Amino acid sequence: MARVTFPFGPQHPVLPEPVQLILTCEDEKVVEVKPRIGYMHRGIEKGCELNPYKHNVFLCERICGICSFIHAEAYCEVIEKAMGIEVPPRARYLRVFWAELSRMHSHLLWLGLFADGFGLESLFMQCWRARELVLDVSELTSGHRIIQSTCVVGGVRKDLDAEQIRTVRKMLKQFKELYTPIFQVFQHDRTIKSRTWGKGILPKDVAWQLGAVGPTIRGSGWAFDARMDGYAAYGELGFEPVVEEGCDSYARMMVRAREVWQSWELINLVLDRLPAGEINVPVEDNPKGEAIHRAEQPRGEVIYYCRGDGSPNLKRLKVRTPSFANLPTLLVMLPGCELADVPVITLSIDPCIACTER
Amino acid sequence: MKMLSVVLKNLFSPPVTRKYPQENRSPFPATRGEIVFTVEECMTCRRCERTCPVGAIKVEIGPRLEVASASEGQTRSAGRLIKRRYDPYKCIYCGLCIEVCPQGIIVFQGTHTSPATRKEEKVAVYTLGARKPAVRPVEEKKGAAMN
Ligand code: SF4
Ligand code: SF4
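Reading the values: the criteria
- Residues numbered from 1 in each chain as written.
- Chains lettered and ligands numbered in written order.
- Predicted model: local features only at pLDDT ≥ 70, side-chain atom pairs only at ≥ 80, totals over all residues.
- Heavy atoms only, no water.
- Helix = DSSP H or I, 4+ residues; strand = E, 2+ residues; numbered from the N terminus.
- Rg over C-alpha atoms; globule rule 2.2 N^0.38 Å.
- Buried < 20%, exposed > 50% of the residue type's maximum accessible area, 1.4 Å probe, protein only.
- Areas by Shrake-Rupley, 256 points an atom, 1.4 Å probe, with all protein chains shown as cover.
- Lys, Arg positive; Asp, Glu negative; His and termini not counted.
- Charge placed at Lys NZ, Arg CZ, Asp CG, Glu CD.
- Near = heavy atom within 4 Å.
- Nonpolar A, V, L, I, M, F, W, Y, C, P; charged D, E, K, R; others polar.
- Pairing = 2+ DSSP bridges.
- Contact = heavy atoms within 4.5 Å.
- Buried area = accessible area lost by both parts, 1.4 Å probe.
- Salt bridge = Lys/Arg side-chain N within 4 Å of Asp/Glu carboxyl O.
- Polar contact = N/O pair within 3.5 Å; in protein donor to acceptor, adjacent residues only side chain to side chain.

Under an unreviewed UniProt entry, the name given to chain B is 4Fe-4S dicluster domain-containing protein, and the source organism is Ammonifex thiophilus.

Per an unreviewed UniProt entry, chain A carries the name NADH-quinone oxidoreductase subunit D and comes from Ammonifex thiophilus.

Visitor: Would you mind going over the overall build of chain A with me for this structure?
Guide: When helices and strands are tallied, chain A shows 14 helices and 8 strands. Relative to the 2.2 N^0.38 estimate, which gives 21 Å for 358 residues, the radius of gyration of chain A is 20 Å and therefore close to what a compact globule would have. For chain A, the spread of C-alpha atoms along the three principal axes comes to 70 × 45 × 35 Å. Counting across all 358 residues of chain A, residues that qualify as buried make up 59%. Accessible area for chain A stands at about 13,300 Å²; split by element, carbon and sulfur atoms hold 55% of it. Each charge sign in chain A was given a centre, from 43 positive and 45 negative side chains, and these centres are 1 Å apart.

Visitor: Looking at this model, I keep getting lost on the site of ligand 2. Mind explaining?
Guide: Lining the immediate environment of ligand 2, one finds 13 residues, of which Cys42(B), Cys45(B), Arg46(B), Cys48(B) and Cys101(B) sit closest. Class assignment for the residues of the shell around ligand 2 results in 9 nonpolar, 2 polar and 2 charged.

Visitor: I keep staring at the pairing of strand E8 (residues 314-320) of chain A and nothing clicks. Help me out?
Guide: Regular strands show a simple pattern: their side chains alternate between the two faces of the sheet. Residues and elements named next belong to chain A. In the sheet, strand E7 (residues 300-309) pairs with E8 via 6 bridges, with the strands oriented antiparallel. Along E8, the bridge assignment pairs Tyr305 with Lys318. Counting the residues that bridge the hairpin from E7 to E8 gives 4 residues, and of these Gly310 lies at a positive phi of roughly 90°.

Visitor: Just checking my understanding: could you explain the interface of chain B and chain A for this structure?
Guide: By a widely used convention, the size of an interface equals the accessible area lost when the partners come together. Opposite the 22 residues of chain B that make contact, chain A presents 23 residues. Each partner contributes to the roughly 1,900 Å² buried at the junction of chain B and chain A, and carbon and sulfur atoms together form 52% of this total. Along the contact surface separating chain B from chain A lie 3 salt bridges. For the pair chain B and chain A, the number of links is 9 residue pairs in polar contact (both at pLDDT 80 or more). Breaking the side of chain B that touches chain A down by element, the ones donating at least two residues are helix H2 (47-51) and helix H3 (96-100) of chain B. Here the side of chain B that touches chain A is composed, by residue class, of 11 nonpolar, 5 polar and 6 charged.

In structure tokens:
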């Protein structure tokens, strides 16, 4: 059988992210794949060295348009570690609140795109309809639908009052009604199962060896989640990761679909237990020394490293983003699959090239 | 049968989406929208300029203005010419300038605005009178001025 090699992407390969896959096929079967990145490097890490460290919160928030708040949070936490700042409890809970809102809308966006990937257009619309409600909660509490900009070094900038908490609870209840039938479709629908069940297998040991993170590794049976470290308020909220054993696209999809529920519960828990008190502490010094912080984003674990020398500018900021760790798993998932399954399998790792290349 | 009832229900129920742009949801009170600035009250402390993380605000302090005084050959100070430039295309609508302004004269406009058609800075020119609060010297501690 003659082999054909052709490019898949970088212009809009299933998702509007510039990643190119060089596929080699024998008939309809993929035999080899080479991902190629580097189309949208923005030099954000270097930019962070040129700005005063407090301004970087807003730049880091823009590394990814979907996990925005968690990037800002991870940046603030790494600087706080380097400077030995203790964040007030209320701020830690509020950080969980906005971080989980980000996770909810990110997963709903992905579930919609995934449904669109295998042709269920109306399911895509339903997912995005439910997501609208989450974005409304975000706008109500932070002033913006996606880029919340509420995190600062030393705490958070915005507080929730009793009226807002009441409204958010009401909206969360509405969300439950909207999302329950959507979740059932993802769980039981035959069409979805036929496109995802047993497709894009990432065996448990290979997932670990390749260093996969986030729902990609949790879909392969590993309870691996940075929130288990208990940063922000996760330790006090009794966090348990969502794990699926299937190792296929369906398992990865179910991890995300179930994590929407988990985030929903965490947000309710935060609203129940929100401690009173200050929401930030004044920060006057400059960071000195180095620190490292792990945080869990919708796509997986992100690692922030910073080094400062006591001046307002950082000497180095390094960000290891989750999609960068997940891209190599495509080398295992794609060979052997049908050409028609390539988009769905590629989507199943939820690639975010914006953050991969920074 | 169940499907038929769903079809009939959907046929006669109104659309779930809003008929934008005829129908418009008003923004939530805290929404960070267009920034408006009441120039008359500005005391030119330049806190907004130092705080802005993207450098969207520039306050340029011009030379001291002098006008002829009533008495022959004398001049008196008529304040300084201030040029305040705000670039809405650089602005990331974080709202930090609003938090730090001691006069509370920068506010978010709580309405939806139509998209801009031209890319231009908003420039306000005014004189800071001699009797008004004096121009404070710029603190040199760059970067640590956010709180
Ligand atoms: S809102 Fe933020 S970015 Fe815009 S002018 Fe004010 S401080 Fe600068
Ligand atoms: S902070 Fe307020 S008073 Fe000070 S220069 Fe800016 S707008 Fe004027």
